[in-house]
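Remarks on the overall topology
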Amino acid sequence: MPDDVSRLVREAAARLGRAGIDTPRVDAELLLAHAAGVPRERVVSAAVMGRPVSSLLPARTVHAVLDELARLLDARAERVPLQHLVGTAPFRHLDLVVGPGVFVPRPETEQVAQVAIDEALGVARGSEGPVVVDLCTGSGAIALAVATEVPGARVHAVELDRDAHAWAERNVTRTREASGAVVHLVRGDARTALAELDGSCDVVVSNPPYVPPDAVPRDPEVALHDPQVALYGLGEDGLEVPRGVTRAAARLLAPGGLYVMEHAEVQARSARDMVAAVGGFEDIRTADDLTGRPRMVVARRARPTSEPDPAPGDPSDMED
């Protein structure tokens, strides 16, 4: 391998491009940064300035870094997810630890988190913060975004899968140590967990499994490396798991509370129909992600209707 950063990145990007990677230059820069133990910005700067690889290495030898980069490039060319190789995935302002056994958070889910955050910020409860629940939390991405961006929020997260729960636990601990933000993480079934919160939550948010059984993802990073339990929503339409999550949301939410759930672009109408069929919701609508695609259903827990005033002449309105 060349020891000039610019040429090294170009050659690495070309190899990844031939392997079908959508962002070969970015991946090459990130993999070199990871191998060298430096931020990506230093790799970009060194490439622009025409510096040697040794300029990145206060502690490691060039030979060791090039060997590690070669190993990483081999794995990435085989379509191992970039996030598995570098060990982290960005989500909003967070860097979450991820790896085999947990769904890698996607940029499009950041808008789902934004809807939940905006609602939580708007809840006025005096000295008490809003109560937010993230069902099927996976890595803990949405729950941690809410906990770190909504002051005073009381955030709960539920994950059933053992491996995913372990990753979420690591992220919850790391974030609490770094920022003091707290998420109450529970390993359990989203359909039945947190019964003690029934009827008291301000926001329920979820990115559940929703892929239909016949819609195998095209990207090898997803099809071969994301856990199937985090992808496929069961049932002919992929919405069997989301139905259970929606019923749980109806149970957990206080009247007027907000429900937001991610779904596939082709499921917009089906997701609205699903929420309506579960019952107890109003103002059911579809919202777009940052690319303008319909990717989430948003609904409000119905408020109880007040009793109508007695009509004039109604016997209940007459004196004895």
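The structure reproduced in this document is the subject of the present report. (Residues numbered from 1 in each chain as written. Predicted model: local features only at pLDDT ≥ 70, side-chain atom pairs only at ≥ 80, totals over all residues. Heavy atoms only, no water.)

This part takes up the overall build of the protein chain. Along the protein chain, the regular secondary structure elements total 11 helices and 9 strands. When each of the 320 residues of the protein chain is scored for burial, the buried share is 48%. Residue pairs at least 24 apart in sequence account for 65% of intrachain contacts in the protein chain once pairs closer than 6 positions are excluded. Surface summary for the protein chain: the accessible area is close to 15500 Å², and the carbon and sulfur share equals 50%. (Helix = DSSP H or I, 4+ residues; strand = E, 2+ residues; numbered from the N terminus. Buried < 20%, exposed > 50% of the residue type's maximum accessible area, 1.4 Å probe, protein only. Contact = heavy atoms within 4.5 Å. Areas by Shrake-Rupley, 256 points an atom, 1.4 Å probe, with all protein chains shown as cover.)

As a further point, take the sheet that holds strand S8 (residues 281–288). Taken together, 7 strands build an open sheet; the order of strands is S5-S4-S3-S6-S7-S9-S8 and the sheet is mixed. Across the chains shown, the open sheet's two edge strands, defined by having one partner strand only, are strand S5 (183–187) and S8. Between one strand axis and the next, the sheet turns by 15° as a mean value, whatever way the strands run. Judged from the 5 bridges that link them, strand S4 (residues 154–159) and S5 form a sheet pairing that is parallel. Looking at the pairing, Ala157 lines up with Leu185 of S5. Across the face of the sheet, helix H7 (residues 141–149) comes into contact with strand S3 (131–135), S4, S5 and strand S6 (201–206) while running at roughly 175° to S4. Running at roughly 165° to S5, helix H8 (residues 162–179) makes contact with S4 and S5 of the sheet. (Pairing = 2+ DSSP bridges. Axes fitted to C-alpha atoms, helices over the stretch in contact; angles between N-to-C directions.)

The next subject is the packing of helix H1 (residues 5–18) against helix H2 (residues 24–36). One can describe the packing of H1 onto H2 by two numbers: an axis separation of 8 Å at closest approach and a directional angle of 125°. As far as their axial angle goes, H2 and H1 are oblique. Considering only the axes of H1 and H2, their crossing is right-handed. On H2, the residues touching Val5, Leu8, Val9, Arg10, Ala12, Ala13, Leu16 and Gly17 of H1 are Pro24, Arg25, Asp27, Ala28, Glu29, Leu31 and Leu32. The residue inventory of the contact of H1 with H2, partitioned by class, reads 10 nonpolar, 1 polar and 4 charged. (Parallel < 35°, antiparallel > 145°, perpendicular 65-115°, else oblique. Left-handed = near helix turned anticlockwise from the far one by under 90°. Nonpolar A, V, L, I, M, F, W, Y, C, P; charged D, E, K, R; others polar.)

Attention now goes to the nonpolar core. Judged by nonpolar contacts, the single largest core of 31 residues is most densely connected at Val146, Val183 and Val260. Contributions of two or more residues to this core are made by strand S2 (94–97), helix H6 (109–122), H7, S4, S6, strand S7 (253–262) and strand S9 (294–301). If one sorts the elements of this core by residue count, H7 sits on top with 7 residues. Of all hydrophobic cores here, the second largest spans 29 residues; its members include Leu32, Leu56, Leu57 and Val65. (Core = buried A, V, L, I, M, F, W, Y, C linked by side-chain atoms within 4.5 Å.)

On to the pattern of salt bridges, then. The full count for this structure, using the stated rule, is 17 salt bridges. Between Arg191 and Asp189 there is a salt bridge, with its nearest N and O atoms 2.6 Å apart. Salt-bridge contacts for Glu265 lead to Arg293; the nearest nitrogen and oxygen are separated by 3.9 Å. On the criterion of sequence distance, the pair formed by Glu265 in the loop between S7 and helix H11 (268–278) and Arg293 in the loop between S8 and S9 is long-range, its members being 28 residues apart. One network of salt bridges, in which partners are shared, links Arg25, Glu29 and Arg40. (Salt bridge = Lys/Arg side-chain N within 4 Å of Asp/Glu carboxyl O.)

The next subject is the packing of aromatic side chains. One pass over the full model with this rule turns up 1 aromatic pair. The cationic tip of Arg106 hangs over the ring face of Phe103; the distance from NZ or CZ to the ring centre is 4.4 Å. (Phe/Tyr/Trp six-rings, centres within 6.5 Å; stacked < 30°, edge-to-face > 60°. Lys NZ or Arg CZ within 6 Å of the ring centre and 35° of its normal.)

Its location among the elements puts Gln267 in the loop between S7 and H11. Beyond its immediate sequence surroundings of up to four residues, Gln267 is in contact with Tyr210, Pro212, Asp237, Gly238 and Leu239.

So, on to the environment of Leu85. Note that Leu85 resides in helix H5 (residues 82–86). When the C-alpha atoms of Leu85 and Ala35 are compared, they prove to be 10.0 Å apart, with 50 residues separating the residues in sequence. Those residues in contact with Leu85 that lie beyond four places of it in its chain are Leu31, His34, Leu72, Ala75, Arg76 and Val80.

A word on the environment of Thr286. Position of Thr286 among the secondary structure elements: in strand S8. Under the relative-accessibility criterion, Thr286 is labelled partly exposed at 24%. Along the chain, Thr286 and Val298 lie 12 residues apart, while their C-alpha atoms are 6.0 Å from each other. Setting aside its immediate chain neighbours within four residues, Thr286 contacts His263, Ala268, Arg272, Pro294 and Met296. There is a polar contact of 2.6 Å between the side chain of Thr286 and the side chain of Arg272. (Polar contact = N/O pair within 3.5 Å; in protein donor to acceptor, adjacent residues only side chain to side chain.)

A separate point is the pairing of S6. Among the 6 residues of S6, 6 are classified as buried, and the element is accordingly described as predominantly covered. Bridge analysis of S3 against S6 gives 4 bridges, and the strand direction is parallel. Considered in S6, the bridge of Val133 is made with Val204. One ladder, built from 5 bridges, connects S6 with S7; its direction is parallel. For Cys201, the partnering residue across the bridge sits in S7 and is Leu253.

What is shown is where atoms sit, not what they do.
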